[in-house]
Amino acid sequence: LLPISKTLFLQTSKSRRCPFHSLHESPNFSPKSPHFHHFRQYKRPPSKVSPSSAWFSGFGSNKKTAEVLPEIVKAGDPVLHEPASEVPIEEIGSERVQKIVDDMIGVMRRGPGVGLAAPQIGIPLRIIVLEDTKEYISYAPKKEIEAQDRRSFDLLVIINPRLQKKGNKTALFFEGCLSVDGFRAVVERHLEVEVTGFNRDGTPLQIYARGWQARILQHEYDHLDGTIYVDKFVPRTFRTVENVDLPLPVGCPQLGVRSLEQA
Ligand SMILES: [Zn+2]
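Residues numbered from 1 in each chain as written. Predicted model: local features only at pLDDT ≥ 70, side-chain atom pairs only at ≥ 80, totals over all residues. Heavy atoms only, no water.

1. Digging into the coordination of the zinc ion
For step 1, the next point in the chain: Within the first shell, the zinc ion binds the protein through C177 (SG), H219 (NE2) and H223 (NE2), at distances of 2.0 to 2.2 Å.
For step 2, the next point in the chain: Overall, the relative accessible area of 1% leaves C177 in the buried class. (Donors = N, O, S within 2.8 Å, 3.2 Å for Na, K, Ca; no water. Buried < 20%, exposed > 50% of the residue type's maximum accessible area, 1.4 Å probe, protein only.)

Structure representation (structure tokens):
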């Protein structure tokens, strides 16, 4: 979720602030990385890599491959549109799964993004990573940080997450995805969620999150079910990142927090 680039943020946000609504997502940018090979064999350049079968069978973690991070899989690739499989508990400590986790962290930070799901590096397993830092947050306007209830948190690795929506409030904000370069749309997310699962050591974990962290968790969790934000955004809010500050169309719900109607 949400690639972040100070450069583009400064280029677009400061010069193109929209007077009509300030609750926009930071205009972000994910640089294409042609020097990084794609995870899967059919898209990979011939050098510096091991066969893709080696990754799946756990023999791929020699030094050469460890130096090269997988590329982010883009929308349209079937791995992003199908449900991912649970990681067998006994395999969490395996070299293969640990390597996948390390790659995911590396790819998320390279983005940089604040979250990543394993299908985004071509791995159909239920693993997500997320992290939001003071530095990333410092690039966003203060008003926006407050509106989004965005606070820094340490790296989280969650294997086989289960997500429960909590409370009766939702939040509408722009979000983006590393697998859908250059675009944003408003997505309605629950304000509070509870997530259980396992950390990378196989220890059970339970997280209660709200605000922006809850949004990241829901975005990444959706990836594990083959859903991208473009499958569920508020109609007519999809736009290029350059246009993120422009007014929403007439009739679109306001950005911010709202209560679900108690029917
Ligand atoms: Zn995403």
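This is not the end of the story, as more comes after the structure.
2. A word on the nonpolar core
For step 1, the next point in the chain: By size, the foremost hydrophobic cluster in this structure holds 32 residues, and its most contacted members are L130, I158 and L217.
For step 2, the next point in the chain: Taken together, the elements giving at least two residues each to this core come down to β2 (127-132), β3 (153-177), β4 (180-198), β5 (204-210) and α7 (211-224).
For step 3, the next point in the chain: With eight residues, the single largest contributor to this core is β3.
For step 4, the next point in the chain: Setting aside residues no more than four positions away along its own chain, L130 makes contact with M108, V114, G115, F153, D154, L155, L156, I158, Q213, I216 and L217.
For step 5, the next point in the chain: Membership of the second largest hydrophobic core comes to 21 residues, among which are L69, I100, V101 and I121. (Core = buried A, V, L, I, M, F, W, Y, C linked by side-chain atoms within 4.5 Å. Helix = DSSP H or I, 4+ residues; strand = E, 2+ residues; numbered from the N terminus. Contact = heavy atoms within 4.5 Å.)

3. Remarks on the pairing of β5
For step 1, the next point in the chain: Side chains L205, I207 and A209 of β5 all project onto a buried face; the interleaved residues P204, Q206, Y208 and R210 project onto a face where none is buried.
For step 2, the next point in the chain: Both β4 and β5 contribute to a ladder of seven bridges, which runs antiparallel. Counted as the bridge partner of G197 is L205 from β5.
For step 3, the next point in the chain: Linkage of β4 to β5, two consecutive antiparallel strands, is achieved through a turn of five residues, within which G202 is found at a positive phi near 90°. (Pairing = 2+ DSSP bridges.)

4. A few points about the side chain of E194
For step 1, the next point in the chain: With respect to the helices and strands, the residue E194 is situated in strand β4.
For step 2, the next point in the chain: E194 sits in the buried class, given a relative accessible area of 18%.
For step 3, the next point in the chain: Looking at E194, its side chain comes within polar contact range of the side chain of Q206, at 2.7 Å. (Polar contact = N/O pair within 3.5 Å; in protein donor to acceptor, adjacent residues only side chain to side chain.)

Remember, this is a structural readout, not a statement about activity or role.
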